[in-house]
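An overview of the molecular structure
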Amino acid sequence: MSLSTDALGGYIELELPKKKGNWLAGAVKFNSARAALASLITQLAVKEIWLPRYLCDSVINTLDGGEAELKFYDLTECFTIKNQLNIGQNALLLYVNYFGVCTEQARSVITEHGAHKVVVDNSQAVFCDSLEALATLCSPRKFFGLPDGGLLYSDAPGIKQPEERDNTSEARMGHLISRLTNSPEKAYKKYLEAEQAIADLPVLGMSELTERLLCAVDYEAAKKIRTWNARYLHSHLGKYNQLDLNFDDIVAPLCYPFLPNVSAARREELIANRVFLPSYWPEVLTRVEEGSFEWELVTKGLFLPCDQRYSKHEMDRLVHLLAIK
């Protein structure tokens, strides 16, 4: 009989329930979504990749200097591709499912350019149904309390997970733990440090800690609450929103993207009332023309929280603080 050498006894570790179902099935697990994208491009020997100008620098910086030449395209006000693109041999197009509200646009891009040419970035759309693209990327840490992690779904032959796993996740747990017991302001510096640490990581497999935390996520509950909150906000704000969104078909977005067509509270005023909104992404202004759709999103967009921590009470507070006129 072969005996295991696993430890027995000693102090008890953090207990995390394992939820039923395995939504990680079929995923290649990386330490970040951008690492997954970089690995995909390397493994497929991609020579050219088309990226939207409305994209965070962290993705661009990860790819810059690699074998693939970076090219850029613009967006229309409906989040479709504005340019007529000529995607050559050994080339791919990255389409971002912005805020989790652009699934239909993603399907249109796949239809137009062919599944074999399109990678869908679902970093902001973890709950999106599977799409018939060459590959799909996910970043669950944008939706759940995780120190890192990215997922790659692809049927492309030969796509492998890095043999070496990240073993530094524990060092990026401080802001997550502090958020449980303190105000978000208290650990904001730790959060920024954790984000920078992720950006500095090489391409690695997902840590055992992150994978274990993911298995404890109540995926279905989060999906239900996010969907309800987003649709509730849209019922109050849709007529004031320049973004033409059909929330009857949108499921569990990252946030409620609001580009007001009337006078409303500014981002700074909401932050002063302890409503903390992300900024997507100031660095984009260096790549786009003033007055463009992307410029408007960066300078005027309000990306309102609608996640699983909140209920109707918080959504009503948001609507009130916006002070629509």
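Notes on the structure follow. Worth saying up front: this structure is predicted, and the values here are computed from it rather than measured.

Section: the overall build of the protein
- Along its length, the protein carries ten helices and nine strands.
- For 325 residues, the compact-globule formula gives about 20 Å, and the C-alpha radius of gyration of the protein, at 20 Å, lands near that figure.
- Its C-alpha atoms put the protein at 75 × 50 × 35 Å along the principal axes.
- For the protein, contacts bridging at least 24 residues in sequence account for 65% of all contacts bridging at least 6.
- A total of about 17,300 Å² of accessible surface is found on the protein, and carbon and sulfur atoms cover 50% of it.
- Here the protein contributes 35 positively and 42 negatively charged side chains, and the mean placements of these two sets differ by 5 Å.

A few points about the packing of aromatic side chains
- Scanning the model with the defined rule gives 18 aromatic pairs in all.
- For the pair Phe79 and Phe293, a centre-to-centre distance of 5.1 Å together with 75 degrees between the ring planes defines the contact as edge-to-face. Separated by 214 residues along the polypeptide, Phe79 in the loop between strand 3 (69–73) and strand 4 (91–96) and Phe293 in helix 9 (residues 293–300) bring together distant segments of the chain. Take Phe79 and Phe293: they sit in the same class, and that class is buried.
- An angle of 70 degrees between the planes, with centres 6.1 Å apart, marks the rings of Phe127 and Phe144 as edge-to-face. Taken together, the positions of Phe127 in the loop between strand 5 (118–122) and strand 6 (135–138) and Phe144 in the loop between strand 6 and strand 7 (150–154) put the pair 17 residues apart, joining distant regions of the chain. When sorted by exposure, Phe127 lands in the same class as Phe144, which is buried.
- Linked through ring pairs, Tyr54, Phe79, Tyr95, Tyr98, Phe99, Tyr280, Trp281, Phe293 and Phe303 together constitute an aromatic cluster.

Here we look at the pattern of salt bridges
- Here the structure, examined in full by the defined rule, presents 13 salt bridges.
- The salt bridge involving Glu195 is made with Arg141; its shortest N-O contact spans 2.7 Å. Here Glu195, found in helix 5 (residues 188–199), pairs with Arg141, found in the loop between strand 6 and strand 7; they are 54 residues apart in sequence, far enough to count as distant.
- The partly exposed category is assigned to Glu195, whose relative accessible area is 25%.
- Residues Arg172 and Asp148 are paired through a salt bridge, measuring 2.6 Å at the closest nitrogen-oxygen approach. With Arg172 in the loop between strand 7 and helix 4 (174–181) and Asp148 in the loop between strand 6 and strand 7, this residue pair connects regions lying 24 residues apart in the sequence.

So, the sheet that holds strand 4
- Across the sheet, seven strands lie side by side as 1-7-6-5-4-2-3; this open sheet has mixed pairing. Each of the sheet's edge strands pairs with one partner strand only, and the pair in question is strand 1 (28–30) and strand 3. Averaged over all adjacent pairs, the angle separating strand axes in this sheet is 25 degrees, with direction ignored.
- Bridge count for strand 2 (residues 48–52) against strand 3 is five bridges, and the pairing is parallel. Among the inter-strand pairings, Trp50 is bridged to a residue of strand 3, identified as Lys71.

Considering helix 9
- Counting buried residues along helix 9, six of its eight residues qualify, which places the element largely inside the surrounding structure.
- Along helix 9, the residues that are buried comprise Phe293, Glu294, Trp295, Glu296, Leu297 and Val298.

A short note on the packing of helix 7 (residues 219–237) against helix 10 (residues 312–322)
- For the pair helix 7 and helix 10, the least separation of the axes is 10 Å and the interaxial angle reads 30 degrees. Overall, the two elements helix 7 and helix 10 adopt an arrangement that is roughly parallel. As helix 7 packs across helix 10, the resulting crossing turns out to be right-handed. Residues Trp228, Asn229, Tyr232, Leu233, His236 and Leu237 of helix 7 form the contact with helix 10, whose participating residues are Lys312, Met315, Asp316, Leu318, Val319 and Leu322.
- Classifying every residue of the contact of helix 7 with helix 10 gives eight nonpolar, two polar and two charged.

Overview of the pairing of strand 6
- A two-sided burial pattern is seen for strand 6, the buried positions comprising Ala135 and Leu137 on one face and Thr136 and Cys138 on the other.
- Alignment of strand 6 against strand 7, held across four bridges, turns out to be antiparallel. Residue pairing for strand 7: Ala135 is matched across the bridge by Ser154.

Parameters at a glance
Residues numbered from 1 in each chain as written. Predicted model: local features only at pLDDT ≥ 70, side-chain atom pairs only at ≥ 80, totals over all residues. Heavy atoms only, no water. Helix = DSSP H or I, 4+ residues; strand = E, 2+ residues; numbered from the N terminus. Rg over C-alpha atoms; globule rule 2.2 N^0.38 Å. Contact = heavy atoms within 4.5 Å. Areas by Shrake-Rupley, 256 points an atom, 1.4 Å probe, with all protein chains shown as cover. Lys, Arg positive; Asp, Glu negative; His and termini not counted. Charge placed at Lys NZ, Arg CZ, Asp CG, Glu CD. Phe/Tyr/Trp six-rings, centres within 6.5 Å; stacked < 30°, edge-to-face > 60°. Buried < 20%, exposed > 50% of the residue type's maximum accessible area, 1.4 Å probe, protein only. Salt bridge = Lys/Arg side-chain N within 4 Å of Asp/Glu carboxyl O. Pairing = 2+ DSSP bridges. Axes fitted to C-alpha atoms, helices over the stretch in contact; angles between N-to-C directions. Parallel < 35°, antiparallel > 145°, perpendicular 65-115°, else oblique. Left-handed = near helix turned anticlockwise from the far one by under 90°. Nonpolar A, V, L, I, M, F, W, Y, C, P; charged D, E, K, R; others polar.

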